[in-house]
2 protein chains.
Amino acid sequence: MLPKSVEVALSGERYQVVYSIVGDGDSVPVIARQIAVEQTVEFPEDLLPLGDIPESIVGQVESITEISPRKWQAVISYAIESAGFELTQLLNNVFGNMSLHPGIRLEKLSLSPKLLSCFRGPRYGQSGLRTLLGVHDRPLLSTALKPMGLSPSQLGSLAYEFAMGGIDMIKDDHGLANQPFSAWVERVQYATEAIAKANAKTGGHSIYMPNLTAPLDRILEFARIGKEAGVGGFLISPGLTGFDALRLLAEQDEIGLPIMSHPAFLGSFVTHPNNGISHYALFGQLMRLAGADATVYPNYGGRFSFSQEECKSIVSGSTDSMGHMAAIFPAPGGGMSLEHIPELFHVYGKNVIFLIGGGLFRGTGNIVENSKRLLDAVQKVEFSRNGG
Amino acid sequence: MLPKSVEVALSGERYQVVYSIVGDGDSVPVIARQIAVEQTVEFPEDLLPLGDIPESIVGQVESITEISPRKWQAVISYAIESAGFELTQLLNNVFGNMSLHPGIRLEKLSLSPKLLSCFRGPRYGQSGLRTLLGVHDRPLLSTALKPMGLSPSQLGSLAYEFAMGGIDMIKDDHGLANQPFSAWVERVQYATEAIAKANAKTGGHSIYMPNLTAPLDRILEFARIGKEAGVGGFLISPGLTGFDALRLLAEQDEIGLPIMSHPAFLGSFVTHPNNGISHYALFGQLMRLAGADATVYPNYGGRFSFSQEECKSIVSGSTDSMGHMAAIFPAPGGGMSLEHIPELFHVYGKNVIFLIGGGLFRGTGNIVENSKRLLDAVQKVEFSRNGG
């Protein structure tokens, strides 16, 4: 027989999640209630309520609004206790089983104060990163060491040239892991030394951010090695490592370096507008909650498929008010080049990281020169914007 | 300037990945080549080949075949070194950036011997689980402790009743984490004691499999506590923890217990037939490669949306020849009940785990009785199949 009564009292504090639902007016309330049940008790509706299990443990449909023909938004609230005060269970609570249902998309999280307080969030955020890099008045510039196949010393040479050209954040391409042709520790050694040498010449503050696509049990070990070698931050792909690996890395005070998240392996969440997770929540809110200081995503108009509107929603998810969570940098990349700078500036303003990879190899192939031209272009636009 | 030459020689061993691509005859070869480039060097095509970087580092399009109007299958091979001999980078190599492209689906992996040898895979698989549970001639039975909101002692009482009724594998519902109303350690204590007591009475071998939706830095700690308390295995959701957490757990010899994977948070990979990852590769091959002994997924005809064909493809991905990887159990669940057993048996045969949750609370609500009826139904069908 089903036992009777919950022995631990709930606080009564709830948090809200916005879902969009595709369906007609009759089906949507049923689907909304199904989400609320499935994401919590996961029990046949007709057997609820169960003994004395309080209705408050079950998700509650707070509102349903039509936003366009056959498309609705439902706000569902959950007891904060059901999220277990940890990131893995929070993800489960908001979208675990529902991810399996076509026609339902997770749009937005509104976490309550007590739940937010369980997460450190970004250690640096926009203002911390600006201070660290000594860049206050223009977009930050980032590039990737690539292509896969170069040796650590070759990648180090590239890093030197990028830093000589004034690129702020020189990260690994996310495809560089710990392959035989590019051993992680060796690569970190070459790149950090190269960038330190360039900084000493230029007086700049360029940093190296190696990629942490490592086995889970070695991520923190690698991070410590990197920190000791003088890296300036890390790149991590939560789709590959799990969001909780980002959270874990971000929370380590002994490491305490900026983190850039990468969207690898996460695209399937956003490739269909009626399923998955919104750009806002996935690349904005969740990255930020887990502790990223900057969120990389494919820019509109490049070789990927995000629209300008979707990119702007990532900016919103990265910067909208979210308790104590600092605003983080959107970092659009993917097929961008120098010519796009004025337009990108118009769309993003100055609080953005422009991530330009292959584009810096174009023209004469002189990387220092190309990097300087990029920096120059960014400074010029900002200058003209300020009425100079 | 771009440096010249890779200093580490490649072995020449390659592995194959099958993608389906939506497009017309002219665009598909271009898209296939784009996959091959993007998943490896991620560099502008017109700048390739690059210095002396061997073409073999770039993915190679091996074949393109039309499978239906506007739908094609491309086989692309990668140098095994590009996958870095680790699971996180393998995922990245096969689908990192491509996940962001609509119209491309990862269908199947054909890993080469050296790459396969980097992964332990399932410790038990079908035959090991059968030996452990002492069940050789019928489908295995599993159920979930639920609903969220019950206390550890209440869940322990349920576990006792399920075990008295003869359910083989009694797992946590995947929504049970370490919430205040159901602390993990306490729950494990109650459930293991309850099941041991029932086994002592029935002479059975029921096991408890708690859910490991824990912070990454505590998963192995919890696993050790569970092992010490006498759990019989674990449930884990790679969508929440990352696939590498499953791999890490499965590889620990000191723990060495069976693992069941759960599809929570992974549904968006399969909700659209032209995007994401196939059921075969995601719930079959990847779970198995990472070390699951059984793969839970929503059965056709229940409250989720998988088709019978998709479910059968998961069976194939769980059992098709894959180097040294043992065949694992498909574990369909979600809205199943007693009445479905004969048909399910017809579709799945005996090498399956039937996962029935809420259904066991129906009728009189007598859980022992319902569980016995389920076991009886499964044994009867098998008996009649064998001509009895």
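Refer to the structure above for everything that follows.
Quick look at the structure, then. This structure is a prediction, so every number in the text was calculated from the model and none was measured.

## Let's talk about the overall build of chain A
Stage number 1. Across its full length, chain A carries 13 helices and 13 strands.
Stage number 2. For a compact globule of 388 residues, the expected C-alpha radius of gyration is about 21 Å, and chain A comes in at 23 Å, within 12% of that figure.
Stage number 3. Dimensions of chain A along its principal axes, counting C-alpha atoms only, are 75 × 45 × 35 Å.
Stage number 4. Taken as a whole, chain A presents about 12500 Å² of accessible surface, with 51% of it coming from carbon and sulfur.
Stage number 5. Across chain A, 30 positive and 38 negative side-chain charges occur, with their mean positions spaced 9 Å apart.

## Concerning the sheet that holds strand S8 (residues 234-236) of chain A
Residue and element names in this part refer to chain A.
Stage number 1. Ordered by their spatial adjacency, four strands build an open sheet running S8-S9-S11-S12, and the pairing between neighbours is parallel. Only two strands of the sheet have a single partner each, and these edge strands are S8 and strand S12 (329-333). Adjacent strand axes in the sheet meet at a mean angle of 25 degrees when their direction is disregarded.
Stage number 2. By the bridge criterion, two bridges tie strand S9 (residues 259-261) to strand S11 (residues 294-298) in an arrangement that is parallel. Among the inter-strand pairings, Ser-261 is bridged to a residue of S11, identified as Thr-295.

## Focus on the side chain of A:Arg247
Stage number 1. Of note, A:Arg247 is situated in helix H9 (residues 243-251).
Stage number 2. Residue A:Arg247 is classed as buried on the basis of its relative accessible area, which comes to 8%.
Stage number 3. The residues touching A:Arg247, leaving out its near neighbours within four places in the chain, are A:Leu87, A:Ala290, B:Pro215, B:Leu216 and B:Asp217.

## Notes on the relation of the copies chain B and chain A
Relating one copy of the chain to the other takes a rotation about an axis and a shift parallel to that axis.
Stage number 1. For the match of chain B to chain A, the screw axis carries a shift of 0.0 Å, the RMSD comes to 0.0 Å, and the turn is 180 degrees. Both copies of the chain, as the preceding transformation shows, are related through a two-fold rotation axis. Of every C-alpha in chain B, the one belonging to B:Gly242 sits nearest the axis of rotation, 2.0 Å from it.
Stage number 2. A share of 100% of interface residues in chain B that are also interface residues in chain A marks the association as one of identical surfaces.

## Structural notes on the packing of helix H6 (residues 184-202) of chain B against helix H7 (residues 216-229) of chain B
Residue and element names in this part refer to chain B.
Stage number 1. Where H6 meets H7, the axes come as close as 10 Å, and the angle between the chain directions of the two elements is 20 degrees. The angle between the axes of H6 and H7 places the two elements in the roughly parallel class. Classified by chirality, the crossing of H7 by H6 is right-handed. Residues Trp-184, Val-185, Val-188, Gln-189 and Thr-192 of H6 lie in contact with H7, whose contacting residues are Phe-222, Ile-225, Gly-226 and Ala-229.
Stage number 2. Class assignment of the residues belonging to the contact of H6 with H7 gives a composition of six nonpolar, three polar and no charged.

## What about the interface of chain B and chain A?
Stage number 1. Listed by partner, the interface residues are 94 residues for chain B and 94 residues for chain A.
Stage number 2. When chain B packs against chain A, close to 8100 Å² is buried across both sides, 62% of that on carbon and sulfur atoms.
Stage number 3. Applying the counting criterion to the chain B and chain A interface returns four salt bridges.
Stage number 4. In this structure, A:Asp217 and B:Arg247 form a salt bridge, with 3.1 Å as the shortest nitrogen-oxygen distance.
Stage number 5. Summed over the shared surface of chain B and chain A, the result is 27 residue pairs in polar contact (both at pLDDT 80 or more).
Stage number 6. Of all the secondary structure elements, the ones that give two or more residues to the side of chain B that touches chain A are helix H1 (27-38), helix H2 (87-95), helix H5 (152-164), H7, helix H8 (238-241) and helix H9 (243-251) of chain B.
Stage number 7. Here the side of chain B that touches chain A takes five residues from H2(B), the largest share from any one element.
Stage number 8. Taken together, the residues of the side of chain B that touches chain A break down into 43 nonpolar, 36 polar and 15 charged.

## Thoughts on the pairing of strand S6 (residues 169-172) of chain B
Residues and elements named next belong to chain B.
Stage number 1. The pairing of strand S5 (residues 140-145) with S6 spans four bridges and is classified as parallel. For Thr-143, the partnering residue across the bridge sits in S6 and is Ile-170.
Stage number 2. On the question of chirality, the crossover connecting S5 to the parallel S6 by way of H5 is right-handed.
Stage number 3. After leaving S6, the chain enters H6 and then returns to the sheet as strand S7 (residues 207-209), a path that is right-handed.

## Looking at H2(B)
Stage number 1. With nine of nine residues buried, H2(B) is to be regarded as a mostly interior element.
Stage number 2. Buried within H2(B) are the following residues: B:Leu87, B:Thr88, B:Gln89, B:Leu90, B:Leu91, B:Asn92, B:Asn93, B:Val94 and B:Phe95.

## Focus on helix H1 (residues 27-38) of chain A
Residue and element names in this part refer to chain A.
Stage number 1. Compared with an ideal rise of 1.5 Å per residue, which puts 12 residues at 16 Å, H1 spans 16 Å between its outermost C-alpha atoms and is within 8% of the ideal.
Stage number 2. Among all positions in H1, only Val-28, Ile-31, Ala-32, Ile-35, Ala-36, Val-37 and Glu-38 are buried.
Stage number 3. The inward-facing, buried residues of H1 contact strand S1 (14-22), strand S2 (60-68), strand S3 (71-79) and strand S4 (104-110).

The rules behind the values
- Residues numbered from 1 in each chain as written.
- Chains lettered and ligands numbered in written order.
- Predicted model: local features only at pLDDT ≥ 70, side-chain atom pairs only at ≥ 80, totals over all residues.
- Heavy atoms only, no water.
- Helix = DSSP H or I, 4+ residues; strand = E, 2+ residues; numbered from the N terminus.
- Rg over C-alpha atoms; globule rule 2.2 N^0.38 Å.
- Areas by Shrake-Rupley, 256 points an atom, 1.4 Å probe, with all protein chains shown as cover.
- Lys, Arg positive; Asp, Glu negative; His and termini not counted.
- Charge placed at Lys NZ, Arg CZ, Asp CG, Glu CD.
- Pairing = 2+ DSSP bridges.
- Axes fitted to C-alpha atoms, helices over the stretch in contact; angles between N-to-C directions.
- Buried < 20%, exposed > 50% of the residue type's maximum accessible area, 1.4 Å probe, protein only.
- Contact = heavy atoms within 4.5 Å.
- Least-squares fit on C-alpha atoms with pLDDT ≥ 70 in both.
- Parallel < 35°, antiparallel > 145°, perpendicular 65-115°, else oblique.
- Left-handed = near helix turned anticlockwise from the far one by under 90°.
- Nonpolar A, V, L, I, M, F, W, Y, C, P; charged D, E, K, R; others polar.
- Buried area = accessible area lost by both parts, 1.4 Å probe.
- Salt bridge = Lys/Arg side-chain N within 4 Å of Asp/Glu carboxyl O.
- Polar contact = N/O pair within 3.5 Å; in protein donor to acceptor, adjacent residues only side chain to side chain.
- Right-handed = clockwise from strand over helix to strand, strands pointing away.
- Expected span 1.5 Å × (residues − 1).

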